[in-house]
Amino acid sequence: MSIKLKALLKSPWVFHLSTGSCNNCDIEVLDCLTPRFDIERFGMLLAGSIRHADVLLVTGSANRKSVVRLKQLYEQVPKPCLVVAIGECSLSRGMFIHSYNCPVPLDKIIPVDVYIPGCPPKPEAIIAGVVKLINRVSEKAAAKK
Amino acid sequence: MDRDSVLKEVRQRLKDDILDVFDKSAKRVYIGIKPGSIRKAAQVLFKDLGARFNIASGVDTRSHMEILYHFTFDDINLLISLRVMLPKDKLEIDSLAPLFEGANWIEREMNELLGITFNGHPDMRRLLLPEEWPEGVYPLRCDYREWDKDAIRDRGV
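All values derive from a computational prediction rather than experimental measurement.

Undergrad: Can you walk me through the packing of helix α2 (residues 24–33) of chain A against helix α5 (residues 123–144) of chain A in this structure?
TA: Helix-helix packing: each pair is described by the crossing angle between the helix axes and the interaxial distance. Residue and element names in this part refer to chain A. Taken N-terminus to C-terminus, the directions of α2 and α5 make an angle of 70°; their axes are 9 Å apart at the nearest point. With respect to their mutual orientation, α2 and α5 come out roughly perpendicular. Counted together, Glu28, Val29, Asp31 and Cys32 of α2 and Pro123, Ile126 and Ile127 of α5 form the full contact between these two elements. Considering only residue class, the contact of α2 with α5 consists of 5 nonpolar, no polar and 2 charged.

In structure tokens:
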């Protein structure tokens, strides 16, 4: 396993991006960081800047104005990076699928590694999703070697 | 000033401009106003009677384009909605933004989403829609049809 990937999986720093969500998924992400769920026991920290992050947590339905910002941010993440789509809106746009302002789902814009469904998903589901992702990536890297 | 004296004052001072008054409940009154005299009515409610401009809302109904200007009297718990019906072939009305700053952004929003022209607005730019949105397409109208050929409207499963 390369040193980059090893460092990423040991302590994935997450960056939280809302692309026009109703804030409910964002509250659940915030819940993960609080002592009750304490996502830091997996080495995860909330990064203040996208340039320090390894994992991009995306919530919301990717509306026309935020897609521009989303692409900019994705260009700025240090690669390799993992993208986690949180909530029904970022999976399939949920109830906003016919909205004039949400033309394209998130996974047609940037590659998504894990989908966490729910409206909003529970903090347990978010933690389970991210842990599954870390296990899968490390297994893949081990198999390659 | 209580509810009855407010309504009496409004009826008296706007008696040529009022089309109908619908007294819905103890805290809600709808007043139909001629489109030409909206600025005068807002002047009476806002400047003279001391109401607060809450918000305006635009609705595309079957026969008319309807704008509701909501004014509240917080101390007597009364909400007066001025209702203006615009004919669909002439969507123009005087802007209220020179009277009070609170009407500025909501009129910009109604202009881009419903296509209503506000005469005398100081700064009519786009507020919400992105730059690439085509001119003359108003998404909240009844006859809006999808213009974007690249839009994907299936759930992908």
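Undergrad: Even after reading the chapter, I still don't get the sheet that holds strand β3 (residues 55–59) of chain A, so can you show me in this structure?
TA: Two modes of strand pairing occur in sheets, parallel and antiparallel, and in both the strands are linked by backbone hydrogen bonds. Residue and element names in this part refer to chain A. Spatially, β2-β1-β3-β4-β5 is the arrangement adopted by the 5 strands of the open sheet, whose pairing is parallel. Each edge of the sheet is formed by a strand with only one pairing partner; in this case those strands are β2 (45–46) and β5 (114–116). In this structure, strand β4 (residues 82–86) lies alongside β5, joined through 3 bridges in parallel fashion. Each bridged residue has a counterpart across the sheet, and for Ala85 the counterpart in β5 is Tyr115.

Undergrad: Even after reading the chapter, I still don't get the interface of chain B and chain A, so can you show me in this structure?
TA: One frequently used descriptor of interface size is the decrease in accessible area upon assembly of the parts. In this complex, chain B contributes 18 residues to the contact, which on the side of chain A involves 15 residues. For the chain B and chain A pair, buried surface summed over both sides reaches about 1,300 Å², with 53% attributable to carbon and sulfur atoms. For chain B, the biggest contributors to the area lost against chain A are B:Ile152, B:Arg153 and B:Arg155; these three give 48% of the whole. Remark: the boundary between chain B and chain A carries 1 salt bridge. When the shortest N-O distance is used, the salt bridge between A:Arg64 and B:Asp148 registers 3.2 Å. Our enumeration of links across chain B and chain A arrives at 7 residue pairs in polar contact (both at pLDDT 80 or more). Along the lines of polarity and charge, the residues of the side of chain B that touches chain A split into 12 nonpolar, no polar and 6 charged.

Undergrad: How should I be thinking about the layout of surface pockets in this particular structure?
TA: Summary: where empty space remains is shown by rolling a probe the size of a single water molecule over the atoms. Estimates place the volume of the largest pocket at around 280 Å³. Lining the largest pocket are 19 residues, with A:Gly20, A:Cys22, A:Ser61, A:Cys89 and A:Phe96 positioned closest to its centre. Looking at the lining of the largest pocket, the elements that each hand over two or more residues are α2 and α4 (88–92) of chain A. Of the residues belonging to the lining of the largest pocket, the class tally is 8 nonpolar, 10 polar and 1 charged. Estimates place the volume of the second largest pocket at around 230 Å³. Lining the second largest pocket, in full, are A:Ala62, A:Arg64, A:Val67, A:Val68, A:Lys71, A:Pro103, A:Val104, A:Ile109, B:Glu132, B:Asp148 and B:Asp150.

Undergrad: Quick question: what am I supposed to make of the side chain of A:Asn101 here?
TA: Within the element layout of this structure, A:Asn101 appears in the loop between α4 and β5. Every residue in contact with A:Asn101, bar those within four places of it in the chain, is listed here: A:Ala62, A:Asn63, A:Arg64 and B:Pro130.

Undergrad: Help me understand the sheet that holds strand β1 (residues 18–25) of chain B, please; the structure alone is not making it clear to me.
TA: Residue and element names in this part refer to chain B. Judged by pairing direction, the sheet is mixed, and its 5 strands sit side by side in the order β1-β2-β5-β4-β3 without closing on themselves. Both edges of this open sheet fall to β1 and β3 (52–60), since each of them pairs with a single strand only. Strand after strand, the sheet turns through a mean of 20° between neighbouring axes, direction not considered. Pairing geometry for strand β2 (residues 28–33) and strand β5 (residues 78–87), over 6 bridges, is parallel. Within the sheet, the bridge partner assigned to Tyr30 lies in β5 and is Ser81. Packed onto the sheet, helix α2 (residues 38–48) meets β2, β3, β4 (64–73) and β5 and runs at close to 175° relative to β5.

Undergrad: How do you make sense of the packing of aromatic side chains when you look at a structure like this?
TA: When we look at a pair of aromatic rings, we describe it by the centre distance and by the angle of the planes. Residue and element names in this part refer to chain B. By the definition in use, this model includes 9 aromatic pairs over all chains. On the numbers, 6.2 Å between centres and 85° between planes, the contact of Phe71 with Phe100 is edge-to-face. Here the residue Phe71 occupies a position in strand β4, and Phe100 occupies one in the loop between β6 (92–94) and α3 (103–114), the gap between them amounting to 29 residues. Looking at Phe71, the relative accessible area reads 0%, which means it is buried. A relative accessible area of 6% places Phe100 in the buried class. Ring geometry for Trp133 and Trp147: centres 5.1 Å apart, planes at 80°, overall edge-to-face.

Procedures and definitions
Residues numbered from 1 in each chain as written. Chains lettered and ligands numbered in written order. Predicted model: local features only at pLDDT ≥ 70, side-chain atom pairs only at ≥ 80, totals over all residues. Heavy atoms only, no water. Axes fitted to C-alpha atoms, helices over the stretch in contact; angles between N-to-C directions. Helix = DSSP H or I, 4+ residues; strand = E, 2+ residues; numbered from the N terminus. Parallel < 35°, antiparallel > 145°, perpendicular 65-115°, else oblique. Contact = heavy atoms within 4.5 Å. Nonpolar A, V, L, I, M, F, W, Y, C, P; charged D, E, K, R; others polar. Pairing = 2+ DSSP bridges. Buried area = accessible area lost by both parts, 1.4 Å probe. Salt bridge = Lys/Arg side-chain N within 4 Å of Asp/Glu carboxyl O. Polar contact = N/O pair within 3.5 Å; in protein donor to acceptor, adjacent residues only side chain to side chain. 1 Å grid on protein atoms, 1.4 Å probe; cavity = no way out; pocket = protein on both sides within 12 Å on 5 of 7 lines; lining within 4 Å. Points joined across faces, edges and corners; volume = space filled by probe spheres on them. Phe/Tyr/Trp six-rings, centres within 6.5 Å; stacked < 30°, edge-to-face > 60°. Buried < 20%, exposed > 50% of the residue type's maximum accessible area, 1.4 Å probe, protein only.

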